[in-house]
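# What the coordinates show
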Amino acid sequence: MAPTPPTDAELNTLIRARLAALGIDLDQLPPGSTPDPETGSPGQDSVLASLRSFLRGTVATLAAYQLPVSGATDPEVAKALSQQHAPVLYPANSTEWRKS
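Residues numbered from 1 in each chain as written. Predicted model: local features only at pLDDT ≥ 70, side-chain atom pairs only at ≥ 80, totals over all residues. Heavy atoms only, no water.

## Notes on helix α2 (residues 44–64)
Look at α2: 30 Å from first C-alpha to last across 21 residues, which is about the 30 Å you get at 1.5 Å a residue. Of all bends in α2, the biggest is about 30°, found at T58. Of all the positions in α2, only Q44, V47, L48 and R52 are classed as buried. As for α2, its buried residues are in contact with α1 (8–21). (Helix = DSSP H or I, 4+ residues; strand = E, 2+ residues; numbered from the N terminus. Expected span 1.5 Å × (residues − 1). Bend = angle between axes of the 7 residues up to and from the residue. Buried < 20%, exposed > 50% of the residue type's maximum accessible area, 1.4 Å probe, protein only. Contact = heavy atoms within 4.5 Å.)

Written out as structure tokens, the structure is:
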């Protein structure tokens, strides 16, 4: 049985909780979908709609990604390989960043 996709209300709760954990309060934005005429800040509804679209379209694709392996690779080894860090352009900088 396939999982049921989350509703807009459930995604809104997730988005608000994740942003609150980062110290971002969407209630500081103007209500509705109309941008603030003075600051140009987007409305709360516009931000939530954009983030819901991102979650529905991108997160599943990223979660399903596995690094390519040869056909002769044992499936259990292939699972472990898919958990490796993604390759980076300058690994020394990335290594130092993860130490702190």
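## Here we look at a nonpolar patch on the surface
A cluster of nonpolar side chains, contributed by V69, V77 and L81, occupies part of the molecular surface with about 200 Å² of accessible area. Structurally, L81 is set in helix α3 (residues 75–81). Using a relative accessible area of 34% as the deciding quantity, one classes L81 as partly exposed. (Patch = residues over 30% accessible without salt bridge, like charges linked within 9 Å, V, L, I, M, F, W, Y side chains within 5 Å. Areas by Shrake-Rupley, 256 points an atom, 1.4 Å probe, with all protein chains shown as cover. Salt bridge = Lys/Arg side-chain N within 4 Å of Asp/Glu carboxyl O.)

## What about the packing of α1 against α2?
Packing of α1 against α2 brings their axes to within 10 Å, and their N-to-C directions diverge by 100°. It follows that α1 is roughly perpendicular to α2 by the angle criterion. Facing α1, whose interface residues are D8, L11, N12, L14, I15, R16 and L19, α2 presents Q44, L48, L51, R52, L55 and R56. Classifying every residue of the contact of α1 with α2 by side-chain character gives seven nonpolar, two polar and four charged. (Axes fitted to C-alpha atoms, helices over the stretch in contact; angles between N-to-C directions. Parallel < 35°, antiparallel > 145°, perpendicular 65-115°, else oblique. Nonpolar A, V, L, I, M, F, W, Y, C, P; charged D, E, K, R; others polar.)

## Considering the nonpolar core
Soluble, globular proteins show a tendency: their nonpolar side chains are buried together. Membership of the largest hydrophobic core is limited to five residues, which are I15, L19, L26, V47 and L48. Listing elements by their share of this core, those giving two or more residues are α1 and α2. (Core = buried A, V, L, I, M, F, W, Y, C linked by side-chain atoms within 4.5 Å.)

## Description of the environment of P42
Along the chain, the position of P42 falls in the loop between α1 and α2. Since its relative accessible area comes to 39%, P42 is described here as partly exposed. P42 sits eleven residues away from P31 along the chain, and the two C-alpha atoms are 8.9 Å apart. If we skip the residues at most four places from it in the chain, P42 touches L29, P30, P35 and V47.

## Points about the pattern of salt bridges
Taken as a whole and judged by the stated rule, the model has three salt bridges. In this structure, D8 and R52 form a salt bridge, with 3.5 Å as the shortest nitrogen-oxygen distance. Linking D8 in helix α1 with R52 in helix α2, this pair joins segments that are 44 residues apart in sequence. For D8, a relative accessible area of 37% gives the class partly exposed. Note that D27 and R16 form a salt bridge whose closest N and O atoms lie 3.4 Å from each other.

## A few points about the environment of D25
With respect to the helices and strands, the residue D25 is situated in the loop between α1 and α2. Here the side chain of D25 touches D27 through a polar contact of 3.0 Å, landing on its backbone nitrogen. (Polar contact = N/O pair within 3.5 Å; in protein donor to acceptor, adjacent residues only side chain to side chain.)

Nothing here speaks to function; it is all geometry.
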